[in-house]
Amino acid sequence: MQAGREGRENEGAPVRDALGGAVDALGAAGVESARLDAELLLSQATGWPRERFATDPDEPLPSGASRRFAQMVRRRVRREPVAYIVGRKGFRGIEMEVDPRVLVPRPETELLVEVALQLAPATVLDVGTGSGAVALAVADELPAAEVTATDTSTDALEVARANAVRLGLDDRVEFAAGALPARGSFDLLLANLPYVSESDWEGLQPEIREHEPRKALVPGPTGLEAIRSLLARIAADPSLARAAALEVGAGQDREVAALLEQAGFDRVEARPDLAGIPRAVVGHRS
Ligand SMILES: C[S@@+](CC[C@H](N)C(=O)[O-])C[C@H]1O[C@@H](n2cnc3c(N)ncnc32)[C@H](O)[C@@H]1O
């Protein structure tokens, strides 16, 4: 198959030509990671590992793969995220099934799981669980921890519950609708809540703006509305969390650190992501 500029099919074409056509089409559509994405989609379409494309570039595509690949390339040309097209995204050691009801889990969010591993809490609350990535990774990596996860979106909770069942972690994680569970106090609260301001939203890539759920990303005009509301509730009921780690957007760490202190946490510190941006703000109680 040759997936030409428009992602046309050409049954039986060699891998090299199929990939070449797709890379051209994706590049022309403004996709920065055109080669990688083309390989990921071809791997999904053929069921072959990506390494095989380098070792057997002259191999003809198997029957049906050309059509599947062309369809996927057309979706990616419209800037749909690869994770929605292939239906999954790796997070820590597990794979999450994802669709447009939930945010695609980001690598920087793994920082929240690292905080949990360091603190080794017995009870963990993941607020705004989305696909369930943070809660399920914590359950996977801290087998003794009791994990609770909430989300205000019932659609997201459906995805998270399905991921828990598929991963065999459904007896380890309790899901609750809303911002906070009806009762309970937790050793560690983790939250990757929406934190994009309305003005920043306009400048985001089409993958996010046109395909991911806006409510999962934008809480209001300033970007801090959901975090403020959560910390106000903790300030009113400090027994809810003994420690907290919140993911924040670039430049929000100081304001969120101050909010954590106002909510009664001390030893508040920001941890950087791999790009050096303060990304998780962590607070404890003495
Ligand atoms: C940025 S997404 C993060 C999803 C997931 N934790 C992750 O990191 O991939 C935020 C999630 O929080 C949910 N949400 C939004 N406002 C909320 C609130 N006030 N309380 C709880 N969840 C909320 C959204 O529905 C969405 O699923």
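Residues numbered from 1 in each chain as written. Predicted model: local features only at pLDDT ≥ 70, side-chain atom pairs only at ≥ 80, totals over all residues. Heavy atoms only, no water.

What you see with strand β2 (residues 94-97) is a clean split: I94 and M96 sit on the buried side and E95 and E97 on the side with no burial. Where strand β1 (residues 88-91) lies against β2, four bridges are found, and the strand directions are antiparallel. When the sheet's bridge partners are listed, F91 is paired in β2 with I94. Connecting the antiparallel pair β1 and β2 is a turn made up of two residues, with R92 showing a positive phi of about 50 degrees. (Buried < 20%, exposed > 50% of the residue type's maximum accessible area, 1.4 Å probe, protein only. Helix = DSSP H or I, 4+ residues; strand = E, 2+ residues; numbered from the N terminus. Pairing = 2+ DSSP bridges.)

This part is about the domain arrangement of the chain. When its domains are assigned, the chain resolves into domain 1 (15-78) and domain 2 (99-284). The gap between the C-alpha centroids of domain 1 and domain 2 is 34 Å. (Domains from an automatic or database assignment.)

Glancing now at the side chain of R79. Looking at the secondary structure, you find R79 in the loop between α4 (65-77) and α5 (82-86). Exposure remark for R79: the relative accessible area of 16% places this residue in the buried category. Only 2.8 Å separates the side chain of R79 from the side chain of E207, close enough to count as a polar contact. Setting aside chain neighbours within four positions, we find R79 in contact with A29, G30, V31, P206, E207 and H211. (Polar contact = N/O pair within 3.5 Å; in protein donor to acceptor, adjacent residues only side chain to side chain. Contact = heavy atoms within 4.5 Å.)

Moving on, we come to the sheet that holds strand β6 (residues 188-191). The pairing of strands in a sheet happens through backbone hydrogen bonds and is either parallel or antiparallel. Taken in spatial order, the seven strands make up an open sheet running β5-β4-β3-β6-β7-β9-β8, and their pairing is mixed. With partners counted over all chains shown, the strands left at the sheet margins are β5 (173-177) and β8 (266-272), one partner each. Averaged over all neighbouring strand pairs, the angle between strand axes comes to 15 degrees, with direction disregarded. In terms of strand pairing, β8 meets strand β9 (residues 278-284) through five bridges, oriented antiparallel. Counted as the bridge partner of D266 is H284 from β9. In the packing of helix α7 (residues 133-141) onto the sheet, the strands contacted are β3 (123-127), β4 (146-151), β5 and β6, and the crossing angle to β4 comes to about 175 degrees. (Axes fitted to C-alpha atoms, helices over the stretch in contact; angles between N-to-C directions.)

What follows concerns the side chain of T109. With respect to the secondary-structure elements, T109 resides in the loop between β2 and α6 (110-119). Accessibility expressed as a relative area gives 4% for T109, which makes it buried. Setting aside residues up to four positions removed in sequence, T109 forms contacts with F91, V134, N192 and E247.

Glancing now at the pattern of salt bridges. Counting across every chain of the model gives 22 salt bridges. Where R52 meets E59, a salt bridge forms, and the shortest distance between an N and an O atom there is 3.1 Å. Note that D266 and R267 form a salt bridge whose closest N and O atoms lie 3.7 Å from each other. Accessibility expressed as a relative area gives 55% for R267, which makes it exposed. (Salt bridge = Lys/Arg side-chain N within 4 Å of Asp/Glu carboxyl O.)

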